[in-house]
Amino acid sequence: TSCDSCPSSAAKIKSNAVSLLHGCVHVVFIFKVFGLGSVAQVVTGRGAFGEYLSVNLGFGLGVAMGMHIGGRVSGAHMNAAVSFSMCLFGRLGWRMLPVYILCQLIGSFLAAGTIYSLYYDAIYHYCGGNLTVSGPKATAGIFATYPAPYLSLPAGFLDQVIGTAMLLLCLMALSDQRNQPAPSGSEPIAVGLLVLLIGVSLGSNSGYAINPSRDLGPRIFTAIAGWGPEVFRAGNGWWWVPVLAPMVGGVTGASIYKVFVELHHPSPCEHRREIEDEAEEEAALETDDKMQETMSRM
């Protein structure tokens, strides 16, 4: 018998789609609020409320909390480079890519607006009301990444390629059920620690964006909020590097894992045989132990 109170399949699909969109936006929003907030606190506090490690911890733990909040709802897609790589390797449908990227941009834009509102007085007190992109009192770097003065565009591009490649290489390993994946339920903290690791080892050149969505949304916000078009001109037109290079790096890292690790996994039959052999060995050892224990009692 049909139930009039039960939602129709169309309503379920619509509800699932709305949940997916909301979940994706919320995941990025949470991640970015914690990450950008840690930067704002360090910059405006002139080091009194944290240092570079504080920023790494803020982004790493922010990723972990975002995954906890939206992992089951939206898959915790918070990085356009990761989403693009997953589409390229057939782990995500291409039709979902524009949706995920749009949600990621919206979430990061809203997070930038939230941190700007929260630290508005602190930012203006720090810079004296002069919103600049570079210089001793620059504050645009609270929201988006900019290269160190010594970094050239080619070197910066390579920096982002390598950082994102390491991210995808390790993400593939953490989710590979035929290798040594993160234990069930520990994935958020494992990924958060990975982001922290990249920050403390590969972050000083340009702030380790390793995520087009993480950088572009807040950059657009700063252009609107008072920093102006200089956010796109600074660093010899740096803005496109953290957008394009992570895409290249993500595919590179995923390809390296696929070619050098995943393709060398034993076949399912071989894997099953290995498990059976290990079980037989354990059973034999247990039998030997019991026999030795029996003989020792005689």
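Residues numbered from 1 in each chain as written. Predicted model: local features only at pLDDT ≥ 70, side-chain atom pairs only at ≥ 80, totals over all residues. Heavy atoms only, no water.

### Topic: the overall build of the protein
Looking only at helices and strands, the protein features 11 helices and zero strands. Listing every helix and strand of the protein by position from the N terminus yields α-α-α-α-α-α-α-α-α-α-α. Here the analysis covers contacts within the protein between residues at least 6 apart in sequence; of these, 76% occur between residues at least 24 apart. With the model as given, the accessible surface of the protein reaches about 15900 Å², and the carbon-plus-sulfur share is 64%. (Helix = DSSP H or I, 4+ residues; strand = E, 2+ residues; numbered from the N terminus. Contact = heavy atoms within 4.5 Å. Areas by Shrake-Rupley, 256 points an atom, 1.4 Å probe, with all protein chains shown as cover.)

### Here's the deal with the packing of aromatic side chains
Going through the model one piece at a time under the given rule, you end up with 13 aromatic pairs. Ring geometry for Tyr 120 versus Tyr 124: centroids 4.6 Å apart, planes at 35°, classification tilted. Taken together, the residues Tyr 120 and Tyr 124, both in helix H5 (residues 120–127) and four residues apart, mark about one turn of the helix. A ring pair is formed by Phe 143 and Trp 227, whose centres lie 5.5 Å apart and whose planes are at 65°; its orientation type is edge-to-face. (Phe/Tyr/Trp six-rings, centres within 6.5 Å; stacked < 30°, edge-to-face > 60°.)

### Some details on the UniProt feature "transmembrane region" (unreviewed entry) in the protein
Under the feature "transmembrane region" (unreviewed entry), the UniProt entry names residues 20–40, 52–70, 99–119, 157–176, 188–210 and 237–257. Within the segment residues 157–176, helix and strand shares are 95% and 0% respectively, and the terminal C-alpha atoms sit 28 Å apart. Helix and strand shares over residues 237–257 are 86% and 0% respectively, and the end C-alpha atoms of the span are 32 Å apart. (UniProt positions renumbered as here; feature names shortened; annotations may be inferred.)

### Describing a nonpolar patch on the surface
There is a patch of nonpolar side chains on the surface, built from Leu 53, Leu 57, Leu 61, Ile 189, Leu 193, Leu 197 and Val 200 and spanning about 610 Å² of accessible area. For the nonpolar patch, the element with the most residues is helix H7 (residues 187–202), which contributes four residues. The topology assignment puts Ile 189 in helix H7. (Patch = residues over 30% accessible without salt bridge, like charges linked within 9 Å, V, L, I, M, F, W, Y side chains within 5 Å. Salt bridge = Lys/Arg side-chain N within 4 Å of Asp/Glu carboxyl O.)

### Considerations on H7
Taking 1.5 Å per residue as the helical rise, H7 with its 16 residues ought to reach 22 Å, and the 22 Å between its terminal C-alpha atoms agrees with that figure. Buried within H7 are the following residues: Pro 188, Ala 190, Val 191, Gly 192, Leu 194, Val 195, Leu 196, Ile 198 and Gly 199. (Expected span 1.5 Å × (residues − 1). Buried < 20%, exposed > 50% of the residue type's maximum accessible area, 1.4 Å probe, protein only.)

### Some details on the pattern of salt bridges
Within the structure shown, the criterion is met by four salt bridges. For Glu 230, the salt bridge is made with Arg 233, and the minimal N-O distance between the two is 3.3 Å. Taken together, the residues Glu 230 and Arg 233, both in helix H9 (residues 230–237) and three residues apart, mark about one turn of the helix. For the salt bridge of Glu 262 with Lys 258, the shortest nitrogen-to-oxygen distance reads 2.7 Å. Taking relative accessible area as the criterion, Lys 258 reaches 26% and is therefore assigned partly exposed. Because the salt bridges share partners, they merge into one network encompassing Arg 91, Lys 258 and Glu 262.

### Details of the packing of helix H3 (residues 80–88) against helix H10 (residues 241–260)
One can describe the packing of H3 onto H10 by two numbers: an axis separation of 8 Å at closest approach and a directional angle of 45°. When the interaxial angle is binned, H3 and H10 end up oblique. Crossing geometry of H3 relative to H10 is assigned as right-handed. Residues Ala 80, Ala 81, Phe 84, Ser 85 and Leu 88 of H3 form the contact with H10, whose own contacting residues are Pro 246, Met 247, Gly 250, Val 251 and Ala 254. (Axes fitted to C-alpha atoms, helices over the stretch in contact; angles between N-to-C directions. Parallel < 35°, antiparallel > 145°, perpendicular 65-115°, else oblique. Left-handed = near helix turned anticlockwise from the far one by under 90°.)

### Some words on the nonpolar core
By size, the foremost hydrophobic cluster in this structure holds 53 residues, and its most contacted members are Phe 59, Met 78, Ile 123, Phe 143, Leu 167 and Trp 227. With nine residues, helix H1 (residues 9–44) is the largest single contributor of residues to this core. Listed in part, the five residues of the second largest apolar core include Val 161, Trp 238, Val 241 and Ala 245. (Core = buried A, V, L, I, M, F, W, Y, C linked by side-chain atoms within 4.5 Å.)

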